[in-house]
Amino acid sequence: MKKTIAVLPGDGVGPEIIDATLAVLQSIEEKYNHQFTYNKGLIGGVAIDAVGDPFPKQTETVCLTSDAILFGAIGDPKYDNDPTAKVRPEQGLLAMRQKLGLYANVRPIQTFKSLLHKSPLKEDRVTGADFVVIRELIGGIYFGKRGRGADGRSAFDTSTYTVEEISRVSNYAFKLAQKRRRKLTLVDKANVLETSRLWRETVQKIAQDFPDVSVEYMFVDNASMQIIRNPTAFDVILTENMFGDILSDEASVITGSIGLLPSASIGEKTSLYEPIHGSYPKAAGTNSANPIGTILSAAMMLEYSFDMKEEAGAIRMAVNSLLDEGKGTKDIVSENPLTTSDVGEEIARKLDPVSSTG
Ligand code: IPM
Ligand code: MG
């Protein structure tokens, strides 16, 4: 199969984790006889430095003319400590989500047997945890009207949702639940917020079209507690933009290894795949960051965007095999850790049984 992939390395460790992932994709091309064309684009701090815009038009075009997007990370500390900075790398991320219409952020939370001891939670609580957070990504308070009062001494951010916005992401979540354990939890704050009441009303209606999916409703404060107390109770968690931002970070802690977790942002025209961790600026250029979150994001890309299930499964197996051997970068292995590029090469080699035995 021939596919075009937009590759946006971004800031910090982004270029290194992307290079390691491209080594894995190259091995997939050879083994399964595919042909991937990579179109690079600038985003984030590096794009501000080069052209003064964190999501340049040229990058948007590269994204829209490719079959899928592989993204590294965004963020540079030089902007974090300057509240007066007019353009920030993160604006590139929000602009990209909005312009590409990436409405559903999908974050699978899975544990890795060999790394269960890394979780800050008790092993018996997290064993078997396997759920997906579906976060609405282009509505709500992130994109509502905001501003300051005339005297500058008051400020406001507003959250708006339409039935269409809620339905689009909810349908996606219900369909995903049908392919999994058929349980969906809508997380909201319907005891206080009007937007949450609209979410609940809309999801209740959509639920009638999916009689095989059992639906539960949970307030976000309670959900934040239950995710930690009893993570195995969840299958698909559906929620709005800001609650999803917070809950998905919380959920990522369960596995104890944020460097391993992938994500997808699904749109109607195209979809984007990225690790859930940030740009890790302290490690930039040291060839030490964990590329597995990005490699597993590429596996999601193969499965979701290209329908290459076998290829995606092969990457996941190769990752598990590496972890079972006790190998990995320094965030997960203390003695003789591998470098970023080593991990990419080892996984690439494992995909090809001929060269791994040779
Ligand atoms: C995320 C990040 C972003 C968000 C930031 C960097 C704007 O936290 O992808 O979860 O809040 O959506
Ligand atoms: Mg976040």
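What counts, and where the lines are drawn
Residues numbered from 1 in each chain as written. Chains lettered and ligands numbered in written order. Predicted model: local features only at pLDDT ≥ 70, side-chain atom pairs only at ≥ 80, totals over all residues. Heavy atoms only, no water. Near = heavy atom within 4 Å. Polar contact = N/O pair within 3.5 Å; in protein donor to acceptor, adjacent residues only side chain to side chain. Areas by Shrake-Rupley, 256 points an atom, 1.4 Å probe, with all protein chains shown as cover. 1 Å grid on protein atoms, 1.4 Å probe; cavity = no way out; pocket = protein on both sides within 12 Å on 5 of 7 lines; lining within 4 Å. Sits in = over half its atoms within 2 Å of the grid points. Helix = DSSP H or I, 4+ residues; strand = E, 2+ residues; numbered from the N terminus. Nonpolar A, V, L, I, M, F, W, Y, C, P; charged D, E, K, R; others polar. Buried < 20%, exposed > 50% of the residue type's maximum accessible area, 1.4 Å probe, protein only. Pairing = 2+ DSSP bridges. Expected span 1.5 Å × (residues − 1). Phe/Tyr/Trp six-rings, centres within 6.5 Å; stacked < 30°, edge-to-face > 60°. Core = buried A, V, L, I, M, F, W, Y, C linked by side-chain atoms within 4.5 Å. Domains from an automatic or database assignment. Contact = heavy atoms within 4.5 Å. Buried area = accessible area lost by both parts, 1.4 Å probe. Salt bridge = Lys/Arg side-chain N within 4 Å of Asp/Glu carboxyl O.

## What about the site of ligand 1?
Alright, step 1. In the vicinity of ligand 1, the contacting residues are Glu90, Leu93, Arg97, Arg107, Arg135, Tyr142 and Asp245.
Alright, step 2. In this structure, an oxygen atom belonging to ligand 1 sits 2.8 Å away from a side-chain N or O atom of Arg135.
Alright, step 3. With the chains in place, 71% of the 320 Å² that ligand 1 exposes on its own is no longer accessible.
Alright, step 4. In a pocket analysis with a 2 Å cut-off to the grid points, ligand 1 is assigned to the second largest pocket.
Alright, step 5. Per-element accounting of the shell around ligand 1 gives the leading share, 3 residues, to helix α5 (residues 89-100).
Alright, step 6. Classifying every residue of the shell around ligand 1 gives 2 nonpolar, no polar and 5 charged.

## Some words on the pairing of strand β11 (residues 262-267)
Alright, step 1. Taking burial as the measure, the 6 residues of β11 include 6 buried ones, the bulk of the element.
Alright, step 2. Side chains Pro262, Ala264 and Ile266 of β11 all project onto a buried face; the interleaved residues Ser263, Ser265 and Gly267 project onto the opposite face, where all are buried too.
Alright, step 3. In terms of strand pairing, strand β4 (residues 102-110) meets β11 through 4 bridges, oriented antiparallel. Each bridged residue has a counterpart across the sheet, and for Asn105 the counterpart in β11 is Ser265.
Alright, step 4. Relative to strand β12 (residues 271-275), β11 runs antiparallel, the two sharing 5 bridges.

## Considering helix α12 (residues 309-324)
Alright, step 1. Compared with the 22 Å implied by 1.5 Å per residue over 16 residues, the 22 Å span of α12 between its first and last C-alpha is a close match.
Alright, step 2. Downstream of α12 by one or two residues, Gly326 has phi in the positive range, about 75 degrees.

## Section: the packing of aromatic side chains
Any aromatic ring pair is given by two values, namely how distant the centres are and how the planes are angled relative to each other.
Alright, step 1. For the coordinates displayed, the defined rule picks out 4 aromatic pairs.
Alright, step 2. Summarising the aromatic geometry, the rings of Phe36 and Phe306 are spaced 6.1 Å apart at their centres and angled 40 degrees between planes, so their arrangement reads as tilted. A residue pair is termed long-range when its members are at least 10 positions apart, and Phe36 in strand β2 (residues 35-40) and Phe306 in helix α11 (residues 292-306) qualify at 270 residues.
Alright, step 3. We classify Phe306 as buried; its relative accessible area is 3%.
Alright, step 4. Between Tyr161 and Trp199 the ring centres are 5.2 Å apart and the planes differ by 85 degrees, which places this aromatic pair in the edge-to-face class. Of this pair, Tyr161 sits in the loop between β7 (155-157) and α7 (163-179) while Trp199 sits in helix α8 (residues 194-207), and the two are 38 residues apart along the sequence.
Alright, step 5. Residue classification places Tyr161 among the buried residues on the basis of a relative accessible area of 6%.

## Considering the nonpolar core
Alright, step 1. Counting residues in hydrophobic clusters, the biggest one holds 64 residues, and the most contacted among them are Leu25, Ile134, Leu238, Ile292, Leu302, Ile315 and Ile347.
Alright, step 2. The element contributing the most residues to this core is α11, with 9 residues.
Alright, step 3. Two domains share this core, each providing at least three of its residues, namely domain 1 (1-105 + 258-358) and domain 2 (120-255).
Alright, step 4. Residues within four places of Leu238 in sequence aside, it is in contact with Ile134, Val169, Ser170, Ala173, Leu184, Thr185, Leu186, Val187, Trp199 and Val203.

## Section: the domain arrangement of the protein chain
Alright, step 1. Partitioning the protein chain into structural domains gives domain 1 (1-105 + 258-358) and domain 2 (120-255).
Alright, step 2. On a C-alpha basis, the centroid separation for the pair domain 1 and domain 2 is 25 Å.
Alright, step 3. Listed as interface residues are 15 residues of domain 1 and, on the opposing side, 14 residues of domain 2.
Alright, step 4. At the boundary of domain 1 with domain 2, total buried surface from both sides reaches about 1400 Å², with 65% on carbon and sulfur atoms.
Alright, step 5. For domain 1, the biggest contributors to the area lost against domain 2 are Arg97, Tyr103 and Asn105; these three give 45% of the whole.
Alright, step 6. Run the count over domain 1 and domain 2 and you get 0 salt bridges.
Alright, step 7. Taken together, the connections running from domain 1 to domain 2 amount to 2 residue pairs in polar contact (both at pLDDT 80 or more).
Alright, step 8. If you list the elements that add at least two residues to the side of domain 1 that touches domain 2, you get α5, β4 and β11.
Alright, step 9. Counting residues per element, the side of domain 1 that touches domain 2 draws most heavily on β4, at 4 residues.
Alright, step 10. Here the residues of the side of domain 1 that touches domain 2 are counted per class, giving 9 nonpolar, 4 polar and 2 charged.

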